[in-house]
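Fold and geometry: a report
What follows is the residue order along each chain.
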Amino acid sequence: AELLLQKGAGQRPVDYVLLDIALGEVNSINEIPRLKAVAPHTEILMLSMYGTTTLVRAAFAAGARGFVSKTSAGPEIIAAVEALRRGRHYIDASLEIQVGQTLAVSGLTVATDRYARLSPREQQVFFLLAQGYKPRQIAQKLGIAKRTADAHRYHIIQKLEVESIAGLVRLAAELGVVEPSAPR
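None of the values given here were measured: they were computed from a predicted structure. (Residues numbered from 1 in each chain as written. Predicted model: local features only at pLDDT ≥ 70, side-chain atom pairs only at ≥ 80, totals over all residues. Heavy atoms only, no water.)

1. Topic: the environment of Leu 18
Mapping Leu 18 onto the fold places it in strand E1 (residues 16-20). Here the alpha-carbon distance between Leu 18 and Phe 67, two residues 49 residues apart in the chain, equals 9.4 Å. Here Leu 18 is in contact with Leu 45 and Leu 47, once residues within four sequence places are set aside. (Helix = DSSP H or I, 4+ residues; strand = E, 2+ residues; numbered from the N terminus. Contact = heavy atoms within 4.5 Å.)

2. Things to note about helix H9 (residues 146-160)
Compared with the 21 Å implied by 1.5 Å per residue over 15 residues, the 21 Å span of H9 between its first and last C-alpha is a close match. Those residues of H9 lying buried are Ala 149, His 152, Ile 156, Ile 157 and Leu 160. Seen along its axis, H9 keeps its buried residues to an arc of 130°; they face one direction. The exposed residues of H9 that point more than 90 degrees off its buried face are Arg 147 and Tyr 154. Where H9 terminates, the next one or two residues include Glu 161, which has phi positive at roughly 55°. (Expected span 1.5 Å × (residues − 1). Buried < 20%, exposed > 50% of the residue type's maximum accessible area, 1.4 Å probe, protein only. Arc of directions from axis to C-beta.)

3. As for the sheet that holds strand E6 (residues 90-91)
Here four strands make up an open sheet; going across it, the order is E1-E4-E5-E6 and the pairing parallel. The open sheet has two free edges, formed respectively by E1 and E6, since each of these has just one partner strand. Looking at chain direction, strand E4 (residues 43-48) and strand E5 (residues 66-69) are connected through four bridges and run parallel. Across the sheet, residue Met 46 finds its bridge partner in E5, namely Phe 67. Helix-sheet contacts for helix H3 (residues 53-62) involve E4, E5 and E6, and the interaxial angle to E5 is about 145°. (Pairing = 2+ DSSP bridges. Axes fitted to C-alpha atoms, helices over the stretch in contact; angles between N-to-C directions.)

4. Let's talk about the confidence of the model for the protein
Per-chain confidence: the protein averages 78 in pLDDT, with 76% of residues scoring 70 or above. The secondary structure element of the protein with the lowest average pLDDT is helix H1 (residues 2-6), at 56, and the one with the highest is helix H8 (residues 135-142), at 94. With pLDDT under 50 throughout, residues 101-108 is counted as low confidence; its partners more than four residues away or in other chains account for 14 contacts. (pLDDT = per-residue confidence, 0-100.)

5. Quick word on the side chain of Glu 122
You can see Glu 122 is positioned in helix H7 (residues 120-130). Looking at Glu 122, the relative accessible area reads 6%, which means it is buried. A polar contact of 2.9 Å, which involves the side chain of Glu 122, links it to the backbone nitrogen of Ser 119. For Glu 122, the contacting residues outside a window of four places in its chain are Arg 117, His 152, His 155, Ile 156 and Lys 159. (Polar contact = N/O pair within 3.5 Å; in protein donor to acceptor, adjacent residues only side chain to side chain.)

6. A look at the pattern of salt bridges
Taken as a whole and judged by the stated rule, the model has seven salt bridges. Glu 82 is the partner of Arg 85 in a salt bridge, and the nearest nitrogen-oxygen pair spans 2.4 Å. Here Arg 85 pairs with Glu 82, and both are found in helix H4 (residues 74-85), just three residues apart, close to one helical turn. Residue classification places Arg 85 among the exposed residues on the basis of a relative accessible area of 53%. When the shortest N-O distance is used, the salt bridge between Glu 82 and Arg 86 registers 3.4 Å. Given a relative accessible area of 28%, Glu 82 falls into the partly exposed group. (Salt bridge = Lys/Arg side-chain N within 4 Å of Asp/Glu carboxyl O.)

Here it is, written out as structure tokens:
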């Protein structure tokens, strides 16, 4: 979003953004609404190593128009951009079987609905918990009290309706908030 904001007056707007799901400590799905607010006509094509139905639906619900696997070759990305240029949604051919050819862009899963209950700060803490950070480490990282980090963890577990941190990590992998094989 910052790069789009920095575009000077009179410069050509950005037509497409190829956005990786996992950008360091940020789940880029959470950044899509912000990008769309800054550049509403910019089409967003998501890129991920994993393409679950939940992840694709979450990306589309947030405002992405396409979803491509990292394992795809250049021609697949070009095909995706061409589909977006024609005003269509695009799902990588390698993901269509997993995701289903009749993916309803507006249909959200239960997991996505639960995730939407979290405040932006809780989503931040959720992401860090899913990466294996302890509340003390989260507190230091975010500049908050450990008690506050503990309270966020408690509320996250309640809102997501999971039984444990392990359940939270499974849900995070399903949502694509973290990649399943990416331990900290």
